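Analysis of the macromolecular model
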Amino acid sequence: MPETSRDLQLTADGELRHFLAIEGLGQALLTRILDTADSFIEVGERTIKKVPLLRGRTVVNLFFEPSTRTRSTFELAAKRLSADVLNLDIGTSATSKGESLSDTLLNLRAMASDMFVMRHSQSGAPHFVAQSVTPDVAIINAGDGRHEHPTQAMLDMLTIRQHMKTFSGLRVAIVGDVQHSRVARSQIRALNTLGVDEVRLIAPDTLLPHEPEALGARVFHRMEEGLRNVDVIIMLRLQHERMEGALLPSESEFYRMYGLTREKLAYANPGALVMHPGPINRGVEIESAVADGPQSVILGQVTNGIAVRMAVMSMSMGGQLNERQSGTGEGVAST
Amino acid sequence: MPETSRDLQLTADGELRHFLAIEGLGQALLTRILDTADSFIEVGERTIKKVPLLRGRTVVNLFFEPSTRTRSTFELAAKRLSADVLNLDIGTSATSKGESLSDTLLNLRAMASDMFVMRHSQSGAPHFVAQSVTPDVAIINAGDGRHEHPTQAMLDMLTIRQHMKTFSGLRVAIVGDVQHSRVARSQIRALNTLGVDEVRLIAPDTLLPHEPEALGARVFHRMEEGLRNVDVIIMLRLQHERMEGALLPSESEFYRMYGLTREKLAYANPGALVMHPGPINRGVEIESAVADGPQSVILGQVTNGIAVRMAVMSMSMGGQLNERQSGTGEGVAST
Amino acid sequence: MPETSRDLQLTADGELRHFLAIEGLGQALLTRILDTADSFIEVGERTIKKVPLLRGRTVVNLFFEPSTRTRSTFELAAKRLSADVLNLDIGTSATSKGESLSDTLLNLRAMASDMFVMRHSQSGAPHFVAQSVTPDVAIINAGDGRHEHPTQAMLDMLTIRQHMKTFSGLRVAIVGDVQHSRVARSQIRALNTLGVDEVRLIAPDTLLPHEPEALGARVFHRMEEGLRNVDVIIMLRLQHERMEGALLPSESEFYRMYGLTREKLAYANPGALVMHPGPINRGVEIESAVADGPQSVILGQVTNGIAVRMAVMSMSMGGQLNERQSGTGEGVAST
């Protein structure tokens, strides 16, 4: 049985079953996620922000790394779909009693939960789990190691599409610590799959992945060159906690070279979008006047985060239902 | 644009919009809060303790200081109004990533939440936030620094009204560490606004605010004098964590002078109510026989806390709705 | 007023009122719990895993000892019954402000909660609480000291009945650290009440309770003898945290003597069930090939845990309702 991302993530009919990575998903499916998310934007604007799509379902937020921000948006998304939510901060609990990851998961599955939203410090942990679950359980990757953070990338894509209408013809620059960023990995893949003209990475060599061109990106070391003619600028967070040793001279040196100031923004196309996954380090990655300026869509990204998470949660649950009814899922097929 | 408490807290029609402080609210509005809370008392006695007033709304408990007790009563109140509740203990999360309070709030607002119940160690933090939110978001102060704790004061007022029927003619004594007590500040204001005859503070000079008379209170240093002819005795908690250095000789010395014993209670009017915000330090602020005695209404205060919180939550949401519909809110007016 | 477990746990009509211990409950009632749990198994298999039995009720998870696993199953069970759930981890909160257990509980009761699911390090704490609550509040013991953990025992009974259909004629062996196990105490009582032929304890003398025969169990020191002819093997967890000093030579020595390997399993009857409350210490109490083998029902135990907890929660709420309506409860009778 093949276990590439694509095979794990899709049902036999090509529906979303798990959401583990952008890698392996095609343009049609990514577009369907964006379309579904668009339809949920309206729900967040209602007085009664609820739809009954996951009523009676149990969603478990399984966070092996702490993240109030991401966990909260998944919790809100699940509640707006009318699901019951169980928050589990692992690390202080079961695993500290010496239980293995796979035993923890077997136990959680035995509680008849429908979906696990999982963050883990090890790349591939959600894939590992998705390989073993029964066909009626969906796994959503909320960030694994340095691998992917696919819902973050999709909320960025939704934000770009809202403002630019289309991906074709766009030049997008991703600036900062690409090497340690699972967000950047997911963004590069999503942008290429959705058909932008060019993905640029702007960073010093020490913060670049090993083979950037293999990812489908063009490398620049200076903002002055990299930002020329771009339509979208995605700033990354400096992940202090991820960097070992001195890859950077200093924060102020980084800001001088790669911080997005009004001066540097002027190199980009007029009206270029300014994006950042948050939380912002003002004066380190970005100047306040830019973060709060007219080209910034940073807060729109947050709002879109709820809608995108509602989309992948409801779509994967739908895929699970199909799978279970048609009996073509791997777990069912093997009985 | 004026930004006094009154202007921030009320809509153009005089409806509650945020609930930040007792200061600035008039007798009619405080009475309306008590009347609304009275109607919710009955909900807590039903088998099904729910009303659909906030169905589909998202309430975020935003606690920058930990408080299981207050957070729990707000959580229960929100759930009984059918809202979805998100508990965020900040300090261990976003702000530890170096994000500012205002960025944290901008992000939370972008998640399309309807109400923030906020506790913060800095006086005025909820005002600061209320000044910047869009007209469809309500802020409830759950205690800010040494400033105010208005829902605690209103549950005390509800308890007094239940037993005494009216405020006029009452003498009320507040005993203990007034200086460090946001609860006392809110109580003094509420009692005066609701028209009691006299508010007394009984404490040593070291635990009194700087200008007690300006607050509308009369100062006593001895229980024997201060309790004479009073109808209600409100004991304060000794906030060990708030007191720096040695403002008190010792706990036993404090108890001897200001602890509410049966002997001291006898100075007050027969049937005087005994109140305490909890948690009680038995044998430090109050004798067990008094805390559990026939004049104690301490547990009734807790029950009333849910009803009062349901009242201010539903009223402020109603004010927000009006504001949004009529388009007279400041945020709307400025577009 | 008598305050044995039986009297505290049952209404005048013999309905469940609190669920504190297996001790004091008869065969008919335990069987009714299992029958009710059976009916909830089906709910966990539905797409919409909810029944409205506790709609509008407030269930407080009051954990004075941390336990993600047990707390989560109670939370899921309560949500599937449509209750509102409040999770309180005490120890870091109210009690750290110097409040006594009984004051904490009086306060929680004043919040008009309907049910407290309580875990405490002191044996008898839930009994203590149940003695004082009003007739409309139910207490569920989620594990107290070394005393009892009755829902764990009942989920084990449900698992045995599912596979063996009946208890009569069965020989059941409980293996490991019986002395420190509240689970084992509840299991021994439940097995005897439900009418198994023989309960065996297999452990070194240092891990046996003082008078095992008084509990209705037969003692064996060697697996080779104790497992002969048994139909069910219940492995206990080695509670490292509960053992003071060196009661055991070493983990590997324990495993050699009492670990359940394929070789030792062969002493039992063919098809004997293998059970473990989790989390498993693989290679300490049990060999992986056995834990994951065809005779293991360990994950079924977890699934049954939700159903059993739904059963005792809904039954005790029903008993409370009867009590309140008929006015025969102690609190009501005394007014």
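In this text the structure is predicted, and so the values were computed from the model without any measurement.

1. A look at the overall build of chain A
Within chain A, the secondary structure is distributed over 13 helices and 9 strands. Looking at chain A residue by residue over its 335 residues, the buried ones come to 62%. Considering only contacts within chain A whose residues lie at least 6 apart along the sequence, 74% involve residues at least 24 apart. When the accessible surface of chain A is summed, it comes to about 12000 Å², and 50% of that surface belongs to carbon and sulfur atoms.

2. Comments concerning the interface of chain B and chain C
Every contact between the two is made by 25 residues of chain B and, on the other side, 22 residues of chain C. Summing both sides of the interface, chain B and chain C together bury roughly 2100 Å²; the carbon and sulfur share of this comes to 52%. The largest contributions to the chain B side of the interface with chain C come from Thr47, Leu76 and Leu299 of chain B, which together make up 22% of the buried area. The partner of Asp114 of chain C in a salt bridge is Lys49 of chain B, with the nearest N and O atoms 2.7 Å apart. Applying the counting rule to chain B against chain C returns 8 residue pairs in polar contact (both at pLDDT 80 or more). Put simply, the parts of the chain that give the side of chain B that touches chain C at least two residues each are helix H2 (27-45), helix H3 (68-80) and helix H12 (298-326) of chain B. The element that contributes the greatest number of residues to the side of chain B that touches chain C is H3 of chain B, accounting for 9 residues. Here the side of chain B that touches chain C is composed, by residue class, of 7 nonpolar, 7 polar and 11 charged.

3. Quick look at the relation of the copies chain C and chain A
For the pair chain C and chain A, the relating rotation is 120°, the translation along its axis is 0.0 Å, and the fit reaches an RMSD of 0.0 Å. Taken together, the rotation and translation describe the operation of a three-fold axis.

4. Notes on the pattern of salt bridges
On inspection of all chains with the given rule, the structure shows 57 salt bridges over all chains. The residue Arg189 of chain C makes a salt bridge to Glu148 of chain C at a minimum N-O spacing of 2.9 Å. Of this pair, Arg189 of chain C sits in helix H7 (residues 182-193) while Glu148 of chain C sits in the loop between strand S4 (138-144) and helix H6 (150-164), placing them 41 residues apart in sequence. You can call Arg189 of chain C buried: its relative accessible area is 19%. With a shortest N-O distance of 4.0 Å, Arg171 of chain C and Glu198 of chain C are connected by a salt bridge. With Arg171 of chain C in strand S5 (residues 171-175) and Glu198 of chain C in strand S6 (residues 198-202), this pair connects stretches of sequence that are 27 residues apart. For Arg171 of chain C, a relative accessible area of 28% gives the class partly exposed. Given a relative accessible area of 16%, Glu198 of chain C falls into the buried group. Taken together, the shared-partner salt bridges connect Arg171, Glu198, Arg200 and Arg218 of chain A into one network.

5. Here's the deal with the interface of chain C and chain A
Reports of interface size often rely on the accessible area that becomes lost once the parts have come together. The interface of chain C with chain A comprises 24 residues on the first partner and 22 residues on the second. Taken as a group, Thr47, Leu76 and Leu299 of chain C account for 21% of the area that chain C buries against chain A, more than any other trio of residues on that side. On the surface where chain C and chain A come into contact, there are 2 salt bridges. For Asp84 of chain A, the salt bridge is made with Lys50 of chain C, and the minimal N-O distance between the two is 2.6 Å. Applying the counting rule to chain C against chain A returns 8 residue pairs in polar contact (both at pLDDT 80 or more). Residue assignment for the side of chain C that touches chain A shows that the elements contributing at least two residues are helix H3 (68-80) and helix H12 (298-326) of chain C. The greatest single-element share of the side of chain C that touches chain A, amounting to 9 residues, is contributed by H3 of chain C.

6. Topic: the environment of Ala83 of chain A
Residue and element names in this part refer to chain A. Among the secondary structure elements, Ala83 is positioned in the loop between helix H3 (68-80) and strand S2 (84-89). Owing to a relative accessible area of 8%, Ala83 belongs among the buried residues under this scheme. For the pair Ala83 and Met118, spaced 35 residues apart in sequence, the C-alpha separation works out to 16 Å. In contact with Ala83, not counting residues within four places along its chain, are Leu54, Arg57, Val59 and Ala78.

7. Side note on the packing of aromatic side chains
All names here are of chain A. Evaluation of the coordinates by the stated rule reveals 3 aromatic pairs over all chains. Between Phe254 and Tyr258 the ring centres are 5.6 Å apart and the planes differ by 40°, which places this aromatic pair in the tilted class. Taken together, the positions of Phe254 and Tyr258, both in helix H9 (residues 251-258) and 4 residues apart, correspond to about one turn of that helix. Take Phe254 and Tyr258: they sit in the same class, and that class is buried.

8. Considerations on the packing of helix H6 (residues 150-164) of chain B against helix H7 (residues 182-193) of chain B
All names here are of chain B. The geometry of H6 relative to H7 is characterised by a closest axis approach of 8 Å and an angle of 50° between their N-to-C directions. The orientation of H6 relative to H7 falls into the category oblique. For the crossing formed where H6 meets H7, the hand is right-handed. Here Pro150, Gln152, Ala153, Asp156, Met157 and Ile160 of H6 lie close against H7, whose contacting residues are Val183, Ser186, Gln187, Ala190 and Leu191. Looking at the contact of H6 with H7 residue by residue, the classes come out as 7 nonpolar, 3 polar and 1 charged.

9. A few points about the UniProt feature "binding site: L-aspartate" (unreviewed entry) in chain A
All names here are of chain A. In this structure's numbering, the residues bearing the UniProt feature "binding site: L-aspartate" (unreviewed entry) are Lys97, Arg182 and Arg237. Tracing the backbone shows Arg182 in helix H7 (residues 182-193). Residue Arg182 is classed as buried on the basis of its relative accessible area of 7%.

10. Notes on the sheet that holds strand S1 (residues 58-63) of chain C
Taking strand neighbours across the sheet as the criterion, the 4 strands line up as S2-S1-S3-S4 (chain C) in an open arrangement whose pairing is parallel. For this open sheet the edge positions go to strand S2 (84-89) and S4 of chain C, each flanked by a neighbour on one side alone. Across the sheet, the mean angle separating the axes of adjacent strands is 15° when strand polarity is ignored. Strand direction decides the pairing type here: S1 of chain C and strand S3 (residues 115-120) of chain C, joined by 5 bridges, are parallel. Within S3 of chain C, the residue paired with Val59 of chain C across the bridge is Met115 of chain C. Contacting S1 and S2 of chain C, H3 of chain B runs over the sheet at an angle of about 175° to S2 of chain C. The sheet contacts of H3 of chain C involve S1, S2, S3 and S4 of chain C, and relative to S1 of chain C the element is tilted by about 175°.

11. Focus on the pairing of S6 of chain C
Two faces, one strand: in a regular strand the side chains alternate between the faces of the sheet. Residue and element names in this part refer to chain C. Taking burial as the measure, the 5 residues of S6 include 5 buried ones, the bulk of the element. Of the two faces of S6, the one lined by Glu198, Arg200 and Ile202 and the one lined by Val199 and Leu201 are each fully buried. Where S5 lies against S6, 5 bridges are found, and the strand directions are parallel. Its bridge partner lying in S6, Ile174 is registered against Leu201. Crossover S5 to S6 through H7 is right-handed.

Cut-off values and rules
Every residue gets a number counted from 1 within its own chain, in the order that chain's sequence is written. As a convention, the first chain written is A and the first ligand written is 1, with the rest following in written order. Where totals are concerned, whole chains, interfaces and linings use all residues; where local detail is concerned, this predicted model gives features only for residues with pLDDT of at least 70, and gives and counts side-chain atom pairs only at 80 or more. The side-chain quantities take in all heavy atoms of the structure and omit both hydrogens and water. The secondary structure listing takes helices from DSSP runs of H or I that are at least 4 residues long and strands from runs of E that are at least 2 residues long, numbered from the N terminus. To sort residues, take the accessible area from a 1.4 Å probe on protein chains only and compare it with the maximum for the residue type: under 20% means buried, over 50% means exposed, and anything in between is partly exposed. Throughout, a residue-residue contact means that at least one pair of heavy atoms, one from each residue, lies within 4.5 Å. Methods summary: accessible areas were calculated by the Shrake-Rupley approach with a probe of 1.4 Å, and residue burial reflects only the protein chains presented. Buried area adds together the accessible area that both of two parts lose upon being put together, with accessible area traced by a 1.4 Å probe. Whenever Lys or Arg places a side-chain nitrogen within 4 Å of a carboxyl oxygen from Asp or Glu, that contact is recorded as a salt bridge. Pairs of N or O atoms are called polar contacts if they sit within 3.5 Å, as long as, within protein, a hydrogen donor faces a hydrogen acceptor (for residues adjacent in sequence, only side-chain-to-side-chain pairs). Note on residue categories: nonpolar means Ala, Val, Leu, Ile, Met, Phe, Trp, Tyr, Cys or Pro, charged means Asp, Glu, Lys or Arg, and polar means any other residue, Gly included. Our superposition of the copies is a least-squares fit, built on the C-alpha atoms of residues whose pLDDT is at least 70 in both. Each pair of aromatic rings taken from Phe, Tyr and Trp, with Trp reduced to its six-membered ring, is defined by centres within 6.5 Å and is described as stacked if the planes are under 30 degrees apart, edge-to-face if over 60, and tilted in the remaining cases. Axes here mean lines fitted to C-alpha atoms, for a helix over just the part in contact, with angles spanning 0 to 180 degrees between N-to-C directions. Each angle receives one of four descriptions, namely roughly parallel if under 35 degrees, roughly antiparallel if over 145, roughly perpendicular if within 65 to 115, and oblique otherwise. The sense of a crossing depends on the near helix, which, turned anticlockwise from the far helix by less than a right angle, makes the crossing left-handed and, turned clockwise, makes it right-handed. UniProt positions are given in the numbering used here, feature names are shortened, and annotations may be inferred rather than shown by experiment. For two strands to pair, DSSP has to find at least two bridges joining them. We call a crossover right-handed when, viewed with the strands running away from us, the connection from the first strand over the helix to the second turns clockwise.

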